[in-house]
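# Close look at the chain arrangement
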Amino acid sequence: MSRFTKMAAVASAAVLGLGLAACGGGTDDAGSGSGSGSSTVTDAQVQAALEKGGTLTVWAWEPTLKDVVAKFQEKYPKVKVDLVNAGTSDKQYTALQNAIAAGKGVPDVGQIEYYALPQFAIGKALTDLKGYGAESLKADFTPGPWNSVNSNGGIYGLPMDSGPMALFYNKDVFDKHGIKVPTTWTEYLDAARKLHKADPKAYIANDTGDAGFATSLMWQAGGKPYQVDGTNVKIDFTDPGVQEYTKVWQQLISEKLLAPISSWSDQWFQGIGNGSIATLATGAWMPANFVTSAPGGSGKWRAAELPQWTAGGNASAENGGSSLTILDKGANKELAYGFLKYANDGDGVQIRVDNGAFPATSKTLADQKWLNTEFKYFGGQKANEIFAKSAQNVVTGWSYLPFQVYANSVFNDTVGKAYVSSTPLADGLKAWQDQSVKYGNEQGFTVK
Amino acid sequence: MAVPQLAAPPAASRMGVRRRRPSFKGWQFVGPFMFVFALVFLAPIGYAIYLSLFRNRLIGGNQFVGLDNYQQALTDPQFWSSVGRVGLFLLVQVPIMLFLALLVALALDSGRLYGKSFFRVSIFLPYAVPTVVAALMWGFIYGSQFGLVGNINDALGVSLPDPLKPSLILASIGNITTWEFVGYNMLIFYSALQVVPKSLYESAAIDGAGQWRIIRSIKIPAIRGALVIATIFSIIGSFQLFNEPAILRNLAPNAITSYFTPNFYAYSLTFAGQQFNYSAAVAVVMAVITIIVAYVVQLRGTKELG
């Protein structure tokens, strides 16, 4: 559940101006905070820490954690968890970076999205959970998220949720114009043309350039534009997978088949509700947002597998999702690990899933009751079956940049030009690449 | 930022000079003020300058780099494009806004307007709307798909240009700020006009001057000080343009770059790129530019007065 509060977050970020790291209220608990990432901590020690108790500061914006914390405190009455919402996504990261730089008020546990995790890992801000035996949990999680918390040979967090992608589409619109739901991106392009021709007010999708979405599609196409080996980074947007994406998307842009509406805007939710935006390819955390923000589309929408780059394939990718991490400068590491396991691998998972989160654990994805959940918004469709399948088919080998937060922030400066001028998408990607390379080198990486 | 007017601390009182030891009485009086002044005004500026002399990198840590960040800023095309953009904004939007404000103030002051207080309040009202809210609201209006612009297109069968496209976005932002600040500037002008003695108008009328002549020869010269002040405020406001682009960027991410205005550039550098040292340098350079421009305008404005 990553970005649906983005608009609000940006709005409030714009107002703030000053004083970020003020929050947090560093708990100077005299805990057992022994040591660096390399020490080995056994399950017994973690258990002992939980029994002994203490105070734990958790920075997270994931709403379902509230119930998890309550139940966790019931189970371990001596532990007090201080759940702080220090902002959503980049806003929290800034606060976190500030706290780390100051060495004060650093929380014990922090929520970090997968795309941002490498940046914190390489900055040595996070504890390598290998020392806590996290390797043994590999089988518990689905491959995409697990791959995402592994960075440079370490395990820097436990997956909390995930965003295996699916194609959400407005069935009414497709039926009305007699258009077949696309199973490949080529068919998608065709459908886009047919739909816009049949109804000039309707578009197959909205897109004003979204770095997370673009990289997810490249990921699905098997593209590997980012090769990261420690501080050696290679960026190459001429990779064959990326080109597949560029080819189709260039046509969608040039033929003006994409609604010029930004995601999470008021217009966007209206478009979803009134049928002028016909599809949405995004992470499986989306349904809850449909229900709350676009009630007009209820019953009309369905979920389907993501269109394929090769006919007959079943490749998928992740879009969004986040993990819980233990901060290296946090105090109560054993206790923090206990909380991580409870929230992301133990009883906490069910609590969050019951509240609408999309899990990252294999067990839940195989759970019949969960799979059989009928979504009213999707006309009673058992959409979790599609999401679960997608989660299993996430293409492996993708990695984000260790400075993806920055790279994403200049996506619209560079690639965005292709959306509003005659600049070809490939040139936009080249400009994005150049600017990312420049930044990486300035930051001390060796980027080619 | 205007240059702070630092009052010289009062010298030791004449009566207490019996002993040669300097008296600190005066400092005791201004001490609390000086402390707060140093803490809230000087310290942040000093800290920004201090920060700007370092470079903290993701790999390699923090390092003293002297004036490197300034050198980089002075040759940074993105920074200068943002300065150019607010410069253009300043040259176009500020005159329009001040002219409108003056017009409204003169109309209100003429006493010939029916429902004067209603107009005064309703023109001032937008200023009471927080800029963030105003920007969000205008964002809804500007929507060419389902916003007001879109609705007008549908209802009248016309196709208005998209106010959020790159070539129009600056004008659209100018429209928002004009809407917001006309009332504020109007109030400055109006209150300045209120203190002009009415007898001047009467004697001018007796001398046969028409309303235009009165405006040109009495009213405008009389409020020149207010005009200069309003201009300086507007210059500073233009250079600090931030909220409107920051909010509208969610709707027009490709038209508003991360270096759209100097302030927004500094913000992006810090928040997205963790380049707070470079950001501090950009902020300092921008502050210097603003002070210079505001000072030049102040000098010119007051010179013509004399």
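## Looking at the interface of chain B and chain A
Frequently, the measure chosen for interface size is the accessible area that the parts lose on association. Listed by partner, the interface residues are 28 residues for chain B and 36 residues for chain A. Those elements that provide at least two residues to the side of chain B that touches chain A are helix 5 (131–142), helix 11 (243–248) and helix 12 (262–271) of chain B. Residues of the side of chain B that touches chain A, tallied by class, amount to 14 nonpolar, 12 polar and 2 charged.

## A few points about the packing of helix 3 (residues 65–75) of chain A against helix 14 (residues 347–354) of chain A
Residue and element names in this part refer to chain A. Taken N-terminus to C-terminus, the directions of helix 3 and helix 14 make an angle of 145 degrees; their axes are 9 Å apart at the nearest point. Crossing angle aside, the handedness with which helix 3 passes helix 14 is right-handed. Seen from helix 3, the contacting residues are D67, V68, K71 and F72; seen from helix 14, they are D347, G348, I351 and R352. Here the residues of the contact of helix 3 with helix 14 sort into 3 nonpolar, 1 polar and 4 charged.

## So, the domain arrangement of chain A
All names here are of chain A. Taken domain by domain, chain A consists of domain 1 (6–160 + 321–360) and domain 2 (165–317 + 375–447). Taking the mean C-alpha position of each, domain 1 and domain 2 sit 29 Å from one another. Facing the 17 residues of domain 1 at the interface are 19 residues of domain 2. Listed by contribution, the elements that provide at least two residues to the side of domain 1 that touches domain 2 are helix 1 (6–16), helix 4 (90–102), helix 5 (117–122) and helix 6 (143–149). Each residue belonging to the side of domain 1 that touches domain 2 can be placed in one class, and the counts come to 8 nonpolar, 7 polar and 2 charged.

## Things to note about the environment of A284 of chain A
Residues and elements named next belong to chain A. Along the chain, A284 falls in the loop between strand 12 (279–283) and helix 12 (287–293). Note on A284: 27 C-beta atoms within 10 Å, which makes it buried. Between the C-alpha atom of A284 and that of G321, which follows or precedes it by 37 residues, the distance is 9.5 Å. Aside from chain neighbours lying at most four places away, what touches A284 is G163, P164, A166, F358, F387 and S390.

Rules behind the numbers
- Residues numbered from 1 in each chain as written.
- Chains lettered and ligands numbered in written order.
- Predicted model: local features only at pLDDT ≥ 70, side-chain atom pairs only at ≥ 80, totals over all residues.
- Contact = placed C-beta atoms within 7 Å.
- Helix = DSSP H or I, 4+ residues; strand = E, 2+ residues; numbered from the N terminus.
- Nonpolar A, V, L, I, M, F, W, Y, C, P; charged D, E, K, R; others polar.
- Axes fitted to C-alpha atoms, helices over the stretch in contact; angles between N-to-C directions.
- Left-handed = near helix turned anticlockwise from the far one by under 90°.
- Domains from an automatic or database assignment.
- Buried ≥ 20, exposed ≤ 12 C-beta atoms within 10 Å, placed from the backbone.

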